[in-house]
Amino acid sequence: MYNLQQNFIARVSICIFTAAKVMILNRKFLKFEIDLDFVLIAVTTSLKDYRVCYLINKHLAFNFVKSPDLSVDINPGLPPVLFSLYHYNWETTETDFYFMANKGSDGYLIPEFRKADYFLMIKNYIDENDLDNLITTLNKIPEIVTAVKIDPKKIKSRENLLF
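Everything in this summary refers to the structure shown in the same document. (Residues numbered from 1 in each chain as written. Predicted model: local features only at pLDDT ≥ 70, side-chain atom pairs only at ≥ 80, totals over all residues. Heavy atoms only, no water.)

## Section: helix H3 (residues 128-140)
The terminal C-alpha atoms of H3 lie 18 Å apart, and with 13 residues this matches the ideal 18 Å at 1.5 Å per residue to within 8%. Three or more residues of H3 are buried, namely Leu131, Leu134, Ile135 and Leu138. Along the axis of H3, the buried residues cluster in a sector spanning 95°; they form a single face. Projecting away from the buried face of H3 at angles above 90 degrees are the exposed residues Asn129 and Lys140. In this fold, the buried residues of H3 make contact with strand S1 (38-45), helix H2 (49-60), strand S4 (95-101), strand S5 (118-123) and strand S6 (144-150). (Helix = DSSP H or I, 4+ residues; strand = E, 2+ residues; numbered from the N terminus. Expected span 1.5 Å × (residues − 1). Buried < 20%, exposed > 50% of the residue type's maximum accessible area, 1.4 Å probe, protein only. Arc of directions from axis to C-beta. Contact = heavy atoms within 4.5 Å.)

So this is what it looks like as structure tokens:
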């Protein structure tokens, strides 16, 4: 009888171990990647947002229009931070342009780029030649210190740019 109990306990132990092994092999991991389908240009200038948009409208024949401020939850538990936001759309290519302030009501939109005053986000498709011409024209505006393309994948706080 003693052998029978030991044999039974050994078989139960093997079955439990085997079941645990199967559970470990069947684990699935969900990998989440943020879709960063936009171009980002950092703009440095000492001008107010409405003045910069006026100059961009004038030099690039754009029509930036003030939108409601962008509300971003930077610090959990605190009120959202508001950032100035302007919008323009190329209807022919359905390309959206967003001009937004980096410095908000109580923090930075992209803290890694504290020296950038504004960001120009281009969503949907833009031709590389058009993009190069746009950056060149922005840099030719005397009041703009610099305009530089930034890779959004290298920004740690890129979630703040998803709206």
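## Observations regarding the packing of aromatic side chains
Working definition: an aromatic ring pair is given by the centre-to-centre distance plus the angle between the planes. Counted by the stated rule, this structure contains 10 aromatic pairs. On the basis of an interplanar angle of 25° and a centroid distance of 4.7 Å, the ring pair of Phe62 and Tyr88 is categorised as stacked. With Phe62 in the loop between H2 and strand S2 (65-72) and Tyr88 in strand S3 (residues 81-90), this pair connects stretches of sequence that are 26 residues apart. Aromatic rings pair up to connect Phe62, Phe64, Tyr88, Trp90, Phe97, Phe99 and Tyr118 into one cluster. Against the face of Tyr86 rests Lys66, its NZ or CZ located 5.3 Å from the ring centre. (Phe/Tyr/Trp six-rings, centres within 6.5 Å; stacked < 30°, edge-to-face > 60°. Lys NZ or Arg CZ within 6 Å of the ring centre and 35° of its normal.)

## Considerations on the side chain of Ser84
The topology assignment puts Ser84 in strand S3. Residue class for Ser84 comes out buried when judged on its relative accessible area of 12%. At a separation of 3.5 Å, a polar atom in the side chain of Ser84 contacts the side chain of Lys66. Other than its neighbours up to four places away in sequence, Ser84 contacts Asp49, Lys66, Asp69, Phe99, Met100 and Ala101. (Polar contact = N/O pair within 3.5 Å; in protein donor to acceptor, adjacent residues only side chain to side chain.)

## Overview of the pairing of S4
It is a general feature of regular strands that their side chains alternate between the two faces of the sheet. S4 sits mainly inside the fold: seven of its seven residues count as buried. Neither face of S4 is exposed, since Thr95, Phe97, Phe99 and Ala101 on one face and Asp96, Tyr98 and Met100 on the opposite face are all buried. Relative to S4, S3 runs antiparallel, the two sharing six bridges. Of the residues in S4, the one forming a bridge with Tyr86 is Phe99. Connecting S3 to the antiparallel partner S4 that follows it, the hairpin turn spans four residues, and Glu94 within it adopts a positive phi of roughly 55°. For S4 and S5, the ladder comprises six bridges, and the chain directions are antiparallel. Along S5, the bridge assignment pairs Asp96 with Lys123. (Pairing = 2+ DSSP bridges.)

## Some details on the side chain of Ser157
By secondary structure assignment, the location of Ser157 is in the segment after S6. There is a polar contact of 2.8 Å between the side chain of Ser157 and the side chain of Glu112. Beyond its immediate sequence surroundings of up to four residues, Ser157 is in contact with Leu109, Ile110, Pro111 and Glu112.

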